[in-house]
Structures are given as structure tokens and as C-alpha cells.
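What follows is each chain in one-letter form.
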Amino acid sequence: MQAGGVGEVDPQTAWDALASDTKTLLVDVRTRAEWSFVGAPDLSALRQPVAFIEWQSFPTMTMNGSFAADVLGAVDQTEAEEVYFICRSGARSMSAAHATSAAAAAAGKQIACFNVAEGFEGDLNTEAKRGETNGWKARGLPWGQS
């Protein structure tokens, strides 16, 4: 774990944890627009849900004031003990993981929070495009698009 009780793992490690432990939860913190137009992780083969909870809302990128409460509600519903947070590249999800870790501690809940480094689309490549260098998609992990 890093400072503040939040760890960081790569997408494959997150997938492996989600595949091996039924008390895990993946929270995709991107916007509805990103889920629709870019795609989203698909955990159906694991019979695991993905919690789609916006950290910020497009197009204004207004903060979701109920984010931590929504995540803690999903944790209660799934009985998760480990929560993995993913966004486009790993920045928003790190902030979301820290906020959730703090809210859980304040509520007396014992959950481990992990940021998925590289995120869903990963870093920009030399042509300023995402999804090819690293990240969930580039690593060939299951995903879908609506």
C-alpha cells in the first residue's frame, strides 16, 4: 500500500485479483460519454459486476458529490473487501481511490483501495493516440463498447 492506504497495480494484476477473489469490485470512474464512446471493461466472464460511478460529469467535469457514498453503497451490496478504481489513464482513479479510502476509514469500514495504473486507455503513443501503448485495452483484457 502507498501513503493514504491506496495501492497501485497494473491492469493485468487488477484482472487477476478480480478473477481470483469474489470479494473484489472494479469501479470505473470515467464519464458516461467515455463508457459509451470509448468502451468499458467487461467482467462477464468472471461473473463480476463493474460499478460505473462517475467521479466527474461530462461536459462540465463537475465533481460527483455523492461519489464516495455511492462507492461505499456498491461495496456494501457486493461485500467487497478490495476495490479497484479505473479511469482513462490512472489519474482520476487515483483521486477517487484516495477519496473512497478516506470515506471508508471515517465510516469504520475495512476495505483496501487500489488504483489501476495506466487506466483503461493508457498513455499517449508517439502519434498522440491512446489504447495502444499500455492500459486495459492495450493489454488485451476483456472490454466492450455499446
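The structure this text deals with has already been given above.
Below or above, wherever it landed, is the structure these notes cover. This structure is a prediction, so every number in the text was calculated from the model and none was measured.

1. Regarding the packing of aromatic side chains
A full pass over the atoms with the stated rule returns five aromatic pairs. With 6.1 Å between their ring centres and 75 degrees between their planes, Trp 15 and Trp 136 make a pair best called edge-to-face. Here Trp 136 lies in the loop between β8 (112–116) and β9 (143–144) and Trp 15 lies in helix α1 (residues 11–20), a separation of 121 residues in the sequence. Since its relative accessible area comes to 14%, Trp 15 is described here as buried. Trp 136 gets classed as buried once you look at its relative accessible area, which sits at 0%. With a centroid separation of 5.1 Å and 70 degrees between ring planes, the pair formed by Trp 35 and Phe 52 is classed as edge-to-face.

2. Describing the packing of helix α3 (residues 67–78) against helix α4 (residues 91–106)
How two helices pack is summed up by the angle between their axes together with the distance between the axes. Running from N to C, α3 and α4 cross one another at 70 degrees; their axes reach a closest spacing of 9 Å. Put simply, α3 runs roughly perpendicular to α4. Each of Phe 67, Ala 68, Val 71 and Leu 72 in α3 lies in contact with α4, whose residues at this interface are Ala 96, Ala 99, Thr 100, Ala 103 and Ala 104. Looking at side-chain class alone, the contact of α3 with α4 contains eight nonpolar, one polar and no charged residues.

3. Some words on the pattern of salt bridges
In the structure shown here, the tally under the stated rule is five salt bridges. The shortest N-O distance in the salt bridge between Arg 30 and Asp 28 comes to 2.7 Å. Of the two residues examined, Arg 30 and Asp 28, each falls in the buried class. The salt bridge involving Arg 92 is made with Glu 34; its shortest N-O contact spans 2.9 Å.

4. Some details on the sheet that holds strand β7 (residues 82–86)
The five strands are arranged β1-β8-β7-β2-β4 in an open sheet whose pairing can be described as parallel. For this open sheet the edge positions go to β1 (6–9) and β4 (50–52), each flanked by a neighbour on one side alone. Averaged over all neighbouring strand pairs, the angle between strand axes comes to 30 degrees, with direction disregarded. Here five bridges tie strand β2 (residues 24–28) to β7, and the two strands are oriented parallel to one another. Each residue of the ladder has a partner; that of Asp 28, found in β7, is Ile 86.

5. Brief notes about the pairing of β2
By the criterion of burial, β2 is predominantly enclosed, with five of the five residues buried. Burial along β2 is two-sided: Thr 24, Leu 26 and Asp 28 facing one way and Leu 25 and Val 27 facing the other are all buried. With three bridges connecting them, β2 and β4 associate as parallel partners. Looking at β4, one finds that Val 27 is bridged to Ala 51.

Reading guide: rules and limits
- Along each chain, the written sequence defines residue order, and numbers are assigned to residues from 1.
- Where local features are concerned, this predicted model is filtered to residues with pLDDT of at least 70; where side-chain atom pairs are given and counted, the filter is 80 or more; whole-chain, interface and lining totals use all residues.
- Derived side-chain values reflect all non-hydrogen atoms in the structure, with water molecules and hydrogen atoms excluded from consideration.
- Each Phe, Tyr or Trp ring (for Trp, its six-membered ring) is paired with any other whose centre lies within 6.5 Å, and the angle between the two planes then decides the class: stacked below 30 degrees, edge-to-face above 60, tilted in between.
- Runs of E in the DSSP output that reach at least two residues are strands. Runs of H or I that reach at least four are helices, and both are numbered from the N terminus.
- Burial status follows relative accessibility: with a 1.4 Å probe on protein chains alone, a residue under 20% of its type maximum counts as buried, one over 50% as exposed, and anything between as partly exposed.
- In this description, a line fitted to the C-alpha atoms serves as the axis of each element, helices being fitted only across the stretch in contact, and the angle between N-to-C directions of two axes falls anywhere from 0 to 180 degrees.
- For classification purposes, an angle smaller than 35 degrees is called roughly parallel, one larger than 145 roughly antiparallel, one from 65 to 115 roughly perpendicular, and anything else oblique.
- We call two residues in contact when some of their heavy atoms are within 4.5 Å.
- Only Asp, Glu, Lys and Arg are considered charged in this grouping, and only Ala, Val, Leu, Ile, Met, Phe, Trp, Tyr, Cys and Pro are considered nonpolar; every other residue, Gly among them, is considered polar.
- Within this document, salt bridges are pairs made up of a side-chain nitrogen of Lys or Arg and a carboxyl oxygen of Asp or Glu, the two lying within 4 Å of each other.
- Pairing between strands is defined by DSSP: at least two bridges between them are needed.

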